[in-house]
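# Geometric and topological summary
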Amino acid sequence: MEGATNSENRLSTAEVARMAGVHKDTLLRWLRSGLIREPGRDRHGWRYFTRAEAEAVASFAKSSSEAPSSPPIPATAVEERAAPYLGKLTAIDWDFAGAKTSYLTHGIHPYPAKFIPQIPNALIQELSGVGDTVGDIFCGSGTTLVEALTLKRHAVGIDANPLACLISRAKTSGCSESDRDVLLALAQRARTMGDSLLPSTSEGNLFPSPKLVSQHWRPSFEKLTFWFDQHVIEELAEALSWCREVESDVARDLALTAFSSIVVAVSRQDSDTRYVRREKNIPPGDTLRRFARSLEQIIQAATEFSDVVEPRFRCQIMQANLLDAPPIPTLDLVVCSPPYPNAYSYHLYHMTRMIWLGMDQPRFKKEEIGSHRKYSSNGKNGATAETFKAEFSSILLWLSRKLRQGGYACFVVGDSTLKGQRINNADLIAQAGEPAGFREVMRINRTMQATKKAFNPAIGKIKTENILILENRGKRA
Ligand SMILES: C[S@@+](CC[C@H](N)C(=O)[O-])C[C@H]1O[C@@H](n2cnc3c(N)ncnc32)[C@H](O)[C@@H]1O
């Protein structure tokens, strides 16, 4: 329940939605898209509205020209429903300029090149019905999965990156009261120890801050002290051991995600989007305090997620290489943003995180499609546009058997620059899908937000991307 209120002047989200005559989900959607101002939150993180704020919402609802939300799409044959629903997509402003993108669990962990939630949200609403199964075959940090669940669909996510699977699980599991208590105690423990390690600033204090020497595991990685200060390593080792001790699977995933979210910030890696070494002079105690803050943010986000998503909508997340044609349930709709040639190298940018979490980083490095490392090689094994097309031919052949006939597969993809030449990846994917029975039914060009960062400067200059929609027509005889 969102926001049990404890005073007459404080109204919960459900009460304000009733007052405004709209469904609570509609009100939450307005908040997420910035159409109405966020109210305050109580000490548990629940929203509460003042009378004046509630009245402002009611008057917005009255004046809103927004049509009542569309009824669930009936589970009829897609051929019958395809055209009208596709047509609706052309009325959407796909740039979503200024839309909020970190609501619910979306902002709990950085994931370069994730797409904005408004894109899968709109595609799922228009191209599937309540109770359908929506898949993201390159789920990354789970954006599509979160949106599918909030829209009352089941979700299936696949990714070869074990870190992506951890984050996706954390974003979609919610948080029970007992998990919340365990995690709050963990945050308190981290804060207390972090505070005790802070360098003392009080004048005349002759006692230096205690030095932490953790007895716990840390990776036997030869470059560990190149990337991390020694005191940071001790604090990370301590925090990681606490996460590993958490008994509940869900709470452990949330704790490990909080841990992972701070690793790059406390390392000497410049940022999540720049793999160069830079001194940051992280003070003693700071790593544990950041871990505590990240945990608190995750607890709040996961609790809010639990409030919005009904447990009857299930989410399955699989770590698998798509080129191995993994077994998955039948999907009604696919919404994904695939890796594309020369864009990013998740195995590199996520390396320190994966090493701390004991994940098989070398394996993912081999499996990763599109990585800058493979495409920048000039040797005879260097990847080309043909490599990408061949990989997609195999993936789409597999997908044609997993997506129901008449179902849509949506790919949000930009262009690449390969050895100075611009490559239209949407064209390559559309062509790769033809022999498997996929037919292009729509292509939407959208402008990306200026703040969206790219690792590869050549890609950074490309400001638009395509939403390519293929229909699974079944293999031709
Ligand atoms: C652009 S990201 C997807 C981001 C996602 N839409 C989100 O919002 O977080 C592409 C993903 O493809 C995954 N990937 C790359 N090669 C793969 C492979 N062979 N099999 C499965 N997933 C792969 C990467 O790990 C990465 O998470």
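Everything in this summary refers to the structure shown in the same document.

## Observations regarding the sheet that holds strand E9 (residues 403-414)
The sheet built from seven strands is open, its strands ordered E7-E4-E3-E8-E9-E13-E12 with mixed pairing. Two strands close off the open sheet at either side, each with one partner strand: strand E7 (315-319) and strand E12 (438-447). Averaged over all pairs of adjacent strands, the angle between their axes in this sheet comes to 15°, without regard to strand direction. Relative to strand E13 (residues 464-472), E9 is paired through seven bridges, and the arrangement is antiparallel. Of the residues in E13, the one forming a bridge with Cys 410 is Ile 469. Its contacts with the sheet place helix H5 (residues 118-127) against strand E3 (133-136), strand E8 (331-336), E9 and E13, and it is angled at close to 155° to E8.

## Some remarks on helix H17 (residues 385-402)
With 18 residues, H17 ought to run about 26 Å at 1.5 Å a step, and its terminal C-alpha atoms sit 25 Å apart, in line with that. Among all positions in H17, only Phe 388, Glu 391, Phe 392, Ile 395, Leu 396, Leu 399, Ser 400 and Lys 402 are buried. Of the surrounding elements, those touching the buried residues of H17 are E8, E9, helix H18 (425-433), E12 and E13.

## Quick look at H5
Here H5 lies mainly inside the structure; eight of its ten residues are buried. For H5, every residue scored as buried is listed here: Gln 118, Ile 119, Pro 120, Asn 121, Leu 123, Ile 124, Gln 125 and Leu 127.

## What to know about the nonpolar core
One finds Ala 255, Leu 295, Val 334 and Cys 410 to be the most contacted residues of the largest nonpolar core, which totals 106 residues. Ranked by the residues each element gives to this core, the list is headed by helix H11 (residues 249-266), at ten residues. Apart from residues lying up to four places away in sequence, Cys 410 is in contact with Leu 123, Val 334, Val 335, Ile 467 and Ile 469.

## Brief notes about the packing of helix H8 (residues 177-197) against H11
When two helices pack together, their arrangement is given by the angle between their axes and by how far apart the axes lie. For the pair H8 and H11, interaxial distance at closest approach is 9 Å and the crossing angle is 35°. Two packed elements cross with a definite hand, and for H8 against H11 that hand is right-handed. Of the residues in H11, those touching H8 at Asp 179, Val 182, Leu 183 and Leu 186 are Val 250, Ala 251, Leu 254 and Ala 255. Residue classes in the contact of H8 with H11 are distributed as seven nonpolar, no polar and one charged.

## Digging into the packing of helix H1 (residues 13-20) against helix H3 (residues 51-63)
The interhelical angle for the contact between H1 and H3, taken along N-to-C directions, is 40°, at an axis separation of 8 Å. Considering their axes alone, H1 and H3 lie oblique with respect to each other. Like other packed secondary-structure pairs, H1 and H3 cross with a definite hand, here right-handed. Side by side, H1 and H3 meet where Val 16, Met 19 and Ala 20 of the first sit next to Ala 54, Val 57, Ala 58 and Ala 61 of the second. Residues of the contact of H1 with H3, tallied by class, amount to seven nonpolar, no polar and no charged.

About the cut-offs
- Residues numbered from 1 in each chain as written.
- Predicted model: local features only at pLDDT ≥ 70, side-chain atom pairs only at ≥ 80, totals over all residues.
- Pairing = 2+ DSSP bridges.
- Helix = DSSP H or I, 4+ residues; strand = E, 2+ residues; numbered from the N terminus.
- Axes fitted to C-alpha atoms, helices over the stretch in contact; angles between N-to-C directions.
- Contact = placed C-beta atoms within 7 Å.
- Expected span 1.5 Å × (residues − 1).
- Buried ≥ 20, exposed ≤ 12 C-beta atoms within 10 Å, placed from the backbone.
- Core = buried A, V, L, I, M, F, W, Y, C linked by C-beta atoms within 7 Å.
- Left-handed = near helix turned anticlockwise from the far one by under 90°.
- Nonpolar A, V, L, I, M, F, W, Y, C, P; charged D, E, K, R; others polar.
- Parallel < 35°, antiparallel > 145°, perpendicular 65-115°, else oblique.

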